[in-house]
Amino acid sequence: MDEYGRFVDWDKMDVSAQSQDTKELTCTDFHELKQLARQGYWAKNHSLRAKVYHKLISNIPCRTVTPDANVYRDIVVKIVGKRNSSSLPLPEFVDNSLIPTYCLNAEGIGAIRKILLCITNQFPDISFCPALPSVVALLLHYSKDEAECFEQVCRILACNDPSKRLIDQTFLAFESSCMTFGDLVNKYCQAAHKLMVAVSEDVLEVYSDWQRWLFGELPMAYITRVFDVFLVEGYKVLYRVALALLKFFHKVRGGQPMESDSIQQDIRAFVRDIAKSVSPERLLEKAFAIRLFSRKEIQLLQMANEKALQQKGITVKQKSPVIQNLLNYCFLMFCLVFLRQNVHLAVHAENFKSEIVSVKEMRDIWSWIPERFALCQPLLLFTTLEHGCSLSRFYSHSEGHEPTLLLIKTTAKEVCGAYLSTDWSERRRGGNKLSFFGTGECFVFRLQPEVERYEWVIIKHPELASSGSETENHAPPASSTLSSSSIPSDPSDRLSPFLAARHFNLPSKTASMFMAGSNECIIVGGGDGQALYLDADLNHGRTSHCNTFNNQPLCSESFQISILEVWGFRD
């Protein structure tokens, strides 16, 4: 139909993408280009989309020596020979991934395996890249020939801009991205996450499918719209769309019986048939309505997850295909044993004993914590039943452990607690004064009488409390060392939910923190207006509850502590 239609079966192609109007793209400003991509400016013109893809990919900063179209023409005959393209083996690194054909004709379908084998030849360092077959198949629709498609894929793989992540190429990067996606679901799709925990024995296995939803199950009309924006904005777009897919799945299918015996299969089927429920425009609209972390913050979270996996011994080194297969299998088995996919293995019924929570309740808590710490098992550090009601002993037993989990049972049988992201020794930075520290991963929760988790709230230094915040807060009276807690009117004013203030180079006088400790009290900022205050004798506690939020208080405004426990995380 046009010079870029050699591999396209036009009978399968969406009619709206076959427009032949003569629109051109002259824009070079990033922000304008981003808006055009999100609006689908080139979505209805096949030739224009091909030209835009070529331009965007040509501008990707790459390694000095990056294979191009001429390299493909030189090596394809040697590598493929006279073998039928349909009989060509798939590279080991695609891990038996789906090879979507989208709207390709027979020639295009045959070209996928040829290009993949040539990429294997030129990129021996790639050890795990299940999204690659989809990327190749997609770009074939917008390429003049196989060599041009090969060159464009190579440029995506060879990107050397550290701030522009495009596609995972190792098992470590892939697995940490799955953990990061799990963290984002836990934060932004709490209802869907609760459903996943309830119906799946293996939450991480469900979230490990997130790239397959996009690069495998999503129909052509949808993935092209996603890819339009991905080439402009980068990897963060993929997280956005995957979160939106999960939100729509929960909205459409939540409360209905599963159609199969696996939530994974149900989500895959929903994504394949998404046209029955959601248009491409509505999907992107939902994705960009999510107020996601910044690209830098997501990168730091990804790095933290990678570090956690490395500390568990997961590294990826290029080996022979046989050994690489074995390594991939061992890595997968490692995850099956240690990662969140099996909360039951992290919290052993035989080895876990708490006077406050049951094994099931502890597993519920474990489903809320960041993915990188779900690798660990709970370790009892302090309990008032054994160590007494002493704040100094609380500190001495808790210090040196990061993160920790605080559990409280009141004399009224209420059970609440807090996930504390930072070592309590950080409080020493403030000398004898109430010292503020921690990260926004801190949260408070209630288990009895009802289960509820609250997002973070910022604790501000007392001297910074404004009159405006005083009118919004309903904190109980306390000594001058007790800070007020407030909720910024704009969520973007909050610190990242996993980064400390030091990541933002904020001066100490204006830094907002999430934990506070002194010899006189402990304060933990929770969320949705919740904050927890404990006296030095660990017998009494108070909560603050901002009535701006339509929720129940953490527990009684003033309470007597029956039992208090602190748990650490053991490798």
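Just so you know, these numbers come straight off a predicted model, no measurement behind them.

Caption draft 1: Spatial organisation of the overall build of the chain. Across its full length, the chain holds 21 helices and 13 strands. For the chain, the residues scored as buried account for 58% of the 571 residues in total. Long-range pairs, those at least 24 residues apart, make up 74% of the contacts in the chain with a sequence separation of at least 6. When the accessible area of the chain is evaluated, it comes to approximately 24,300 Å², of which 50% is carbon and sulfur surface.

Caption draft 2: View of the nonpolar core. If you look at the biggest cluster of nonpolar residues, it comprises 118 residues, and the most contacted ones within it are Ile119, Leu132, Val136, Ile156, Trp210 and Phe227. With 11 residues, the top contributor of residues to this core is helix H12 (residues 236–253). Both of domain 1 (1–161) and domain 2 (170–319) provide at least three residues apiece to this core. The contact partners of Ile156, leaving out residues within four places of it in the chain, are Ile57, Ile60, Val135, Leu139, Leu166, Ile167, Phe227 and Leu231. If you look at the next biggest cluster of nonpolar residues, it comprises 28 residues, including Tyr395, Tyr454, Phe514 and Ile522.

Caption draft 3: Local environment of the pattern of salt bridges. One pass over the structure, following the stated rule, counts 21 salt bridges. Residue Arg38 pairs with Glu233 through a salt bridge whose shortest N-O separation is 2.8 Å. Placement of Arg38 in helix H1 (residues 30–39) and of Glu233 in helix H11 (residues 220–233) is noted, with a sequence separation of 195 residues between them. Given a relative accessible area of 9%, Glu233 falls into the buried group. The partner of Arg49 in a salt bridge is Asp228, and the shortest N-O contact between them spans 2.7 Å. Separated by 179 residues along the polypeptide, Arg49 in helix H2 (residues 46–58) and Asp228 in helix H11 bring together distant segments of the chain.

Caption draft 4: A look at H11. Between its first and last C-alpha atoms H11 spans 20 Å; for 14 residues at 1.5 Å apiece the expected length is 20 Å, and the two agree. Within H11, 13 of the 14 residues are buried, which leaves it mostly tucked inside the rest of the structure. Just past H11, the residue Gly234 takes up positive phi, approximately 95°.

Caption draft 5: A look at the environment of Phe171. Along the chain, Phe171 falls in helix H7 (residues 171–188). For the pair formed by Phe171 and Ile126, sequence separation is 45 residues and the distance between their alpha carbons is 9.3 Å.

Caption draft 6: Representation of unusual backbone geometry in the model. Of note, the amide linkage connecting Glu402 to Pro403 takes the cis form, showing an omega dihedral of 0°. With respect to the secondary-structure elements, Pro403 resides in the loop between helix H20 (391–398) and strand E2 (404–410). Phi is positive for Tyr102, which is not a glycine, with a value near 50°. Assignment of secondary structure puts Tyr102 in the loop between helix H3 (69–80) and helix H4 (106–122). Positive phi values are uncommon outside glycine, yet Leu538 reaches one of about 55°. One can find Leu538 in the loop between strand E11 (530–535) and strand E12 (540–545).

Caption draft 7: Representation of the confidence of the model for the chain in the model. Mean pLDDT for the chain: 79, with 79% of residues reaching 70 or above. Predicted confidence for residues 457–512 stays below pLDDT 50, and this span has 115 contacts to residues more than four positions away or in other chains. Throughout residues 546–550 the model reports pLDDT below 50, and contacts reaching past four residues in sequence, or to other chains, amount to nine contacts.

Caption draft 8: Representation of the packing of H7 against helix H15 (residues 295–311) within the structure. Running from N to C, H7 and H15 point in directions that differ by 120°, and their axes come no closer than 8 Å. Judged by the angle between their axes, H7 and H15 are oblique. Crossing hand, H7 versus H15: right-handed. Of the residues in H15, those touching H7 at Leu172, Ala173, Glu175, Ser176, Ser177, Met179, Thr180 and Asp183 are Ile298, Leu301, Gln302, Asn305, Glu306, Leu309 and Gln310. Looking at the contact of H7 with H15 residue by residue, the class counts come to six nonpolar, six polar and three charged.

Caption draft 9: Fine view of the packing of aromatic side chains. Per the counting criterion, the structure on display carries 26 aromatic pairs. Centroid distance Phe181 to Tyr207: 5.8 Å. Interplanar angle 85°. Geometry classified as edge-to-face. A residue pair is termed long-range when its members are at least 10 positions apart, and Phe181 in helix H7 and Tyr207 in helix H9 (residues 203–207) qualify at 26 residues. One exposure class covers both Phe181 and Tyr207, and it is buried. Relative to Tyr239, the ring of Trp210 lies with its centre 4.7 Å away and its plane at 15°, an arrangement referred to as stacked. Remark: Tyr239 occurs in helix H12 and Trp210 occurs in helix H10 (residues 210–217); sequence separation between them is 29 residues. Here the two residues Trp210 and Tyr239 agree in accessibility, since each one is buried. Feature note: the residues Trp366, Trp368, Phe373, Tyr419, Phe443, Phe445 and Phe569 constitute an aromatic cluster, connected by ring pairs.

Caption draft 10: Examining the side chain of Glu146 more closely. Inspection of the secondary structure assignment puts Glu146 in helix H6 (residues 146–157). Residue classification places Glu146 among the buried positions, given a relative accessible area of 11%. One polar contact links Glu146 to Tyr72, side chain to side chain, over a distance of 2.6 Å.

So, how was this worked out
- Residues numbered from 1 in each chain as written.
- Predicted model: local features only at pLDDT ≥ 70, side-chain atom pairs only at ≥ 80, totals over all residues.
- Heavy atoms only, no water.
- Helix = DSSP H or I, 4+ residues; strand = E, 2+ residues; numbered from the N terminus.
- Buried < 20%, exposed > 50% of the residue type's maximum accessible area, 1.4 Å probe, protein only.
- Contact = heavy atoms within 4.5 Å.
- Areas by Shrake-Rupley, 256 points an atom, 1.4 Å probe, with all protein chains shown as cover.
- Core = buried A, V, L, I, M, F, W, Y, C linked by side-chain atoms within 4.5 Å.
- Domains from an automatic or database assignment.
- Salt bridge = Lys/Arg side-chain N within 4 Å of Asp/Glu carboxyl O.
- Expected span 1.5 Å × (residues − 1).
- pLDDT = per-residue confidence, 0-100.
- Axes fitted to C-alpha atoms, helices over the stretch in contact; angles between N-to-C directions.
- Parallel < 35°, antiparallel > 145°, perpendicular 65-115°, else oblique.
- Left-handed = near helix turned anticlockwise from the far one by under 90°.
- Nonpolar A, V, L, I, M, F, W, Y, C, P; charged D, E, K, R; others polar.
- Phe/Tyr/Trp six-rings, centres within 6.5 Å; stacked < 30°, edge-to-face > 60°.
- Polar contact = N/O pair within 3.5 Å; in protein donor to acceptor, adjacent residues only side chain to side chain.

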